[in-house]
Amino acid sequence: MYSYISRRILFAIPVLIGVNLITFILFFTVNSPDDMARSHLGDKNLTSETIQRWKKYHGYDLPLFFHSSERRSNIITQTLFFQKSIKLFIFDFGMSDSGRDISSDILQRMWPSLALAIPILIIGLLVNITVAMMMTFFRTTYVDTSGAFLCIVLMSISSLFYVIGGQYFLGKILKILPISGYDPGLNSIKFILLPIVVGVISGIGASSRWYRTLFLEELNQDYIKTARSKGITEMRIFFVHLLKNVMLPILTGVVVIIPSLFMGSLILESFFGVPGLGSYIIDAIQLQDFAIVRCMVFLGSILYIIGLILTDISYTIFDPRIRLE
Amino acid sequence: MNYSWYPLWTDLFLYFLLLVGGLFIYKIRKKFLFKKSLEKIIINKIAVLTGIILLIYISICMLDSIHLKVHDNKKKSYNNSIVSILDIILYPMGVDFEKSYTKPFAKYTTQFNINYKVSELSFNKNKLQIILLISGKFFAKSLMLILAIVFIYGTYLVVSSQANLKNLYRKLFYEQEYNISRYILLLLFLFTTVIFLLYEMSLVFHVCGTDKVGHDIFYQCIKSIRTSVLIGFFTLAIMLPVAIILGIVAGYVGGRVDDLIQYVYTTISSIPGVLLIAASILSLQVFISNHSDAFRYLLERADLRLLSLCLILGCTGWTSLCRIIRAETLKIRELEFIDSAISLGVSKSRIIFRHILPNVQHIVLITIVLDFSGLILAEAVLSYVGVGVSPTTMSWGNMINSARLELAREPIVWWPIFSAFSFMFILVLSANLFADQVRDIIDPRHTVNG
């Protein structure tokens, strides 16, 4: 098993290099730093000096891959590719285009994102599994068919609608919760409650439907028939036999997204004014801050790959039938 | 006033897709499986209902995809003098502006429109009377239309000697066998009524009100259909061939090829989708602003951005389907009929196209419909983030984005956002329900258990 996992980790390295190359090509060769400077400074008739100064200030004045006028190792190190891309591997994110330290920004903004994402994940899982189990328990009755239909309706509604609707009804009409905002520390609870409710509700449709099919598939297995013929009550079959086995695909499906929780949710955070990484990304996109977007792309792919490796490991832990050699 | 044909790139791409799709259906029209599943879809009431709604959306998109250039400057000018057939049909709607917000079913106030049908519906009548008048007229019109269809259908039955004049009535209205035809006729009747009614009303009222600067919301909603449907179609058209071919090749050939393809899709799927799209769109914006001479019309720029958005969505979207198809191919590869094909000396490419491809078809078909609705929802989110279609393109995402702060106004302005959400909801719900019904029909292994 260890050799399998170490192989998976080794496989991650070329993937990360690939991601790095793709982002580098997108950000530096499709648009030269000159274009970037021009779109940033915004003026139509710029002198080349202003552009040079902007590039120098942000460290974009180096050549792409080879710096021929430098000596020895500097040929490689004094280039854009080394300075801006390779350094990401040692988590040196550098400065954003507006001059802030990206690493400290990320460390600071990580916690609000997690405060939002973890409750949504856990409560969402509980709710979705409960709903899916109810529909399976009442299968072939109107509870199930109307539930399945309702799930399709719920998943056809745009997530923006949930956010705007939640803000309108809970925040503006009923005035239970503040519409948006954030406070550090424990005060944040009243602010993140509404995003959590919205996040959970918007996820119910698709997930419950998916879990329901998992439950139904598992219900057809032979061991359920055996359990029934042995006279075990339906409740026990559902909560002991069925639930345990269905949790396997559900949990392994969830493991992939756990590391990505750090990245936060784009829509929820920016709508509710939570200063997490999701709203950080949106701000960066709207300000056209290429440095931040590049770092977040890299961070996101690292987290996804960690998720993939964790999924493989969790298979071996949760499912005794799988032996990885 | 004369028009000349002025196709945009997206139009040409759409025509091309239609041609390919048409040829594909023409080719498989006599295949047993195709006919069988078509028969099953036709008798499924929900599938028929949602299918008709999807067809209506698609045909509006078609009408909106034939662009003409106007060579006349005397007439009240269009935005940029390139109009679509749909603009001409809806004529006064997109051109006539109010001063600011007006509520749904507010009458046009501009002089221009009052001239339009003043003889027929004198504007002294109140709103309800006008609505009743129009409804009555169009109820009658679509009733006539449907009677005509019934007449043609009855004639067809008689001519094709499935019925004679005596039992025609019984066949049309009572017999179980013709249940579904009656249902379809009823639906057609309802839809034509609603469409004609909305159309006629739109000539007199702002059916969904107007927005902040006085533009008609109903018009914007209808024009947004094209954007959404095109994003769905184009993205699928770009991702499907890549996903299918790479998936099957990876699964069937294996070895180094498999490793390479797996590497490529892991790399692409590990980049967060929104960020990749954002990066590409940001790059594109810089590109367009540096080459602004090449695109004379605003519409052309927006068109290019729409096309490249689809390209990027396609590039990021193929990975999941590719993974599923690879796994399915791995399973199919081990089955006996592949072994027997190999031992009979069938070539690799023939095995892939004749034996494996038909067996992954149901996955592809379901992905088409599900991804279609997913893409429409994604468009709204992307527009909100600011990396969707160009802000000058009419789309539901842009409408929601510009209207989301209006709920906070006093008195509340709910109609722009509500209309956009409803139009989007109807399309996405139809696609999802259609997929749900059709999945049962075309997936041979699907079991609804009891």
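Keep in mind the model is a prediction, meaning the values are calculated, not measured.

Draft legend 1. Highlighting the domain arrangement of chain A. Residue and element names in this part refer to chain A. Split by domain assignment, chain A resolves into domain 1 (2–90) and domain 2 (111–324). Across the boundary between the two partners, domain 1 contributes 19 residues, which contact 17 residues of domain 2. Together, Tyr4, Phe27 and Leu88 form the three largest contributors to the area buried by domain 1 at its contact with domain 2, with a combined 32%. At the junction of domain 1 and domain 2, the tally comes to one salt bridge. Here Arg8 ties to Asp312 by a salt bridge, and the two come within 2.7 Å at their closest N and O atoms. Looking at the side of domain 1 that touches domain 2, the elements with two or more residues in it are helix 1 (2–29) and helix 2 (33–41). Among the elements that line the side of domain 1 that touches domain 2, the one with the most residues is helix 1, at twelve residues. Partitioned by chemical class, the residues of the side of domain 1 that touches domain 2 number 13 nonpolar, four polar and two charged.

Draft legend 2. Spotlight on the interface of chain A and chain B. In this complex, chain A contributes 51 residues to the contact, which on the side of chain B involves 47 residues. Buried area between chain A and chain B, summed over both chains or domains, comes out near 4,100 Å², and the portion from carbon and sulfur atoms is 73%. Where chain A meets chain B, there are one salt bridge. Arg209 of chain A is the salt-bridge partner of Asp436 of chain B, the closest N and O atoms lying 3.0 Å from each other. One can count five residue pairs in polar contact (both at pLDDT 80 or more) joining chain A with chain B. Looking at the side of chain A that touches chain B, the elements with two or more residues in it are helix 1, helix 2, helix 7 (142–156), helix 8 (159–173), helix 9 (188–219), helix 12 (266–272), helix 13 (277–286) and helix 14 (290–318) of chain A. The element best represented in the side of chain A that touches chain B is helix 14 of chain A, accounting for nine residues.

Draft legend 3. Inspection of a nonpolar patch on the surface at higher detail. Residues and elements named next belong to chain A. A grouping of Leu10, Ile13, Ile17, Leu21, Ile25, Phe89 and Ile90 is seen on the molecular surface, where their side chains present a nonpolar patch of about 640 Å² in accessible area. The residue Leu21 is located in helix 1 in this model. What makes Leu21 partly exposed here is its relative accessible area of 35%.

Draft legend 4. Fine view of the packing of helix 11 (residues 234–255) of chain A against helix 14 of chain A. All names here are of chain A. Across the interface, helix 11 lies against helix 14 with an axial gap of 8 Å and an inter-helix angle of 155°. The angle between the axes of helix 11 and helix 14 places the two elements in the roughly antiparallel class. For the pair helix 11 and helix 14, the crossing hand works out as right-handed. Within the contact between the two elements, helix 11 uses Leu248, Leu251, Thr252 and Val255 and helix 14 uses Gly307, Leu310, Thr311, Ser314, Tyr315 and Phe318.

About the criteria used
- Throughout, a residue's number is its position along its own chain's written sequence, starting from 1.
- For this description, chains carry letters from A and ligands carry numbers from 1, given in the order in which they are written.
- Since the coordinates come from a predicted model, pLDDT governs what is reported: local features require at least 70, and pairs of side-chain atoms require 80 or more to be given and counted, while whole-chain, interface and lining totals use all residues.
- Values reported for side chains reflect all heavy atoms of the structure, with hydrogen atoms and water molecules removed beforehand.
- Where a domain begins and ends is set by an automatic assignment or by a domain database.
- We call two residues contacting when some pair of their heavy atoms lies within 4.5 Å.
- Here the quantity called buried area is the total loss of accessible area, with a 1.4 Å probe, experienced by two parts when brought into contact, counted for both.
- Salt bridges are defined by distance alone: a side-chain nitrogen of Lys or Arg within 4 Å of a carboxyl oxygen of Asp or Glu.
- Numbering of helices and strands runs from the N terminus, with a helix taken as a DSSP run of H or I at least four residues long and a strand as a DSSP run of E at least two residues long.
- Polar here means any residue other than Ala, Val, Leu, Ile, Met, Phe, Trp, Tyr, Cys and Pro, which are nonpolar, and Asp, Glu, Lys and Arg, which are charged; Gly is therefore polar.
- Here a polar contact is recorded for every N or O atom pair within 3.5 Å, except that within protein the pair must consist of a potential hydrogen donor and a potential acceptor, and residues adjacent in sequence are included only if both atoms are side-chain atoms.
- Distance thresholds for patches are 9 Å for like charges and 5 Å for nonpolar side chains (Val, Leu, Ile, Met, Phe, Trp, Tyr), applied to residues having over 30% relative accessible area and no salt bridge.
- Only the protein chains shown count as cover for residues, and all accessible areas are computed by the Shrake-Rupley method using a 1.4 Å probe.
- Only protein chains enter the accessibility calculation, which uses a 1.4 Å probe. A residue is then buried if its area is under 20% of the maximum for its type, exposed if over 50%, and partly exposed in between.
- Convention adopted: a line fitted to C-alpha atoms gives each axis, helices being fitted over their contacting stretch, and angles between N-to-C directions are expressed from 0 to 180 degrees.
- Angle categories: roughly parallel below 35 degrees, roughly antiparallel above 145, roughly perpendicular from 65 to 115, and oblique for all the rest.
- Crossings are sorted by hand: turned counterclockwise from the far helix by less than a right angle, the near helix makes the crossing left-handed, and turned clockwise it makes it right-handed.

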